[in-house]
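Topology and contacts: notes
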Amino acid sequence: MAVGKTFDCVEMKDRIQRDLLREFEARRLEFDSYVDFINATAEEDLDTKAWRKRVRLARLAVKS
């Protein structure tokens, strides 16, 4: 039997996007674009940084 989820995925996504936009607006002078902000923020997170490294290595392995 499936267990019902206790959160709304769409609400969570909207909340995260609002929070990111609010942080970008506060730090706008540090970045040339929103994309630069997102990439810099992702690199600050150790899990995201590790995931990106695994993706890069996997792409290199496929090209070889």
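Here, every reference points to the structure presented above.
These notes cover the structure that comes with them. (Residues numbered from 1 in each chain as written. Predicted model: local features only at pLDDT ≥ 70, side-chain atom pairs only at ≥ 80, totals over all residues. Heavy atoms only, no water.)

Between two packed helices, both the angle of their axes relative to each other and the distance between the axes serve to describe the pair. In contact at an axis separation of 5 Å, helix α2 (residues 34–44) and helix α3 (residues 46–63) are set at 100° when each is read in the N-to-C sense. Taken together, the axis directions place α2 and α3 in an arrangement best described as roughly perpendicular. On α3, the residues that touch N39, A42, E43 and E44 of α2 are L46, T48, K49 and R52. When the residues that make up the contact of α2 with α3 are grouped by side-chain class, the tally is 2 nonpolar, 2 polar and 4 charged. (Axes fitted to C-alpha atoms, helices over the stretch in contact; angles between N-to-C directions. Helix = DSSP H or I, 4+ residues; strand = E, 2+ residues; numbered from the N terminus. Parallel < 35°, antiparallel > 145°, perpendicular 65-115°, else oblique. Contact = heavy atoms within 4.5 Å. Nonpolar A, V, L, I, M, F, W, Y, C, P; charged D, E, K, R; others polar.)

The terminal C-alpha atoms of α3 lie 26 Å apart, and with 18 residues this matches the ideal 26 Å at 1.5 Å per residue to within 8%. A small share of α3 lies buried, amounting to 0 of its 18 residues. For α3, the side-chain oxygen to backbone nitrogen distance between the N-cap and D47 is 3.3 Å, and the N-cap itself is D45. (Expected span 1.5 Å × (residues − 1). Buried < 20%, exposed > 50% of the residue type's maximum accessible area, 1.4 Å probe, protein only. Polar contact = N/O pair within 3.5 Å; in protein donor to acceptor, adjacent residues only side chain to side chain.)

This part is about the packing of aromatic side chains. What the rule picks out here adds up to 4 aromatic pairs. Seen in terms of ring centroids, F24 and Y34 are 5.2 Å apart; in terms of plane orientation they differ by 85°. Their pairing is edge-to-face. Of this pair, F24 sits in helix α1 (residues 9–26) while Y34 sits in helix α2; the two residues are 10 residues apart in sequence, bridging distant segments of the chain. Looking at F24, the relative accessible area reads 6%, which means it is buried. Residue Y34 is classed as partly exposed on the basis of its relative accessible area of 32%. (Phe/Tyr/Trp six-rings, centres within 6.5 Å; stacked < 30°, edge-to-face > 60°.)

Moving on to the environment of L46. Tracing the chain through its elements places L46 in helix α3. Separated by 37 residues in sequence, L46 and C9 have C-alpha atoms that sit 24 Å apart.

The subject of this paragraph is a nonpolar patch on the surface. Together, F7, M12 and I16 line one region of the surface with nonpolar side chains, adding up to about 250 Å² of accessible area. In this fold, M12 is placed in helix α1. (Patch = residues over 30% accessible without salt bridge, like charges linked within 9 Å, V, L, I, M, F, W, Y side chains within 5 Å. Areas by Shrake-Rupley, 256 points an atom, 1.4 Å probe, with all protein chains shown as cover. Salt bridge = Lys/Arg side-chain N within 4 Å of Asp/Glu carboxyl O.)

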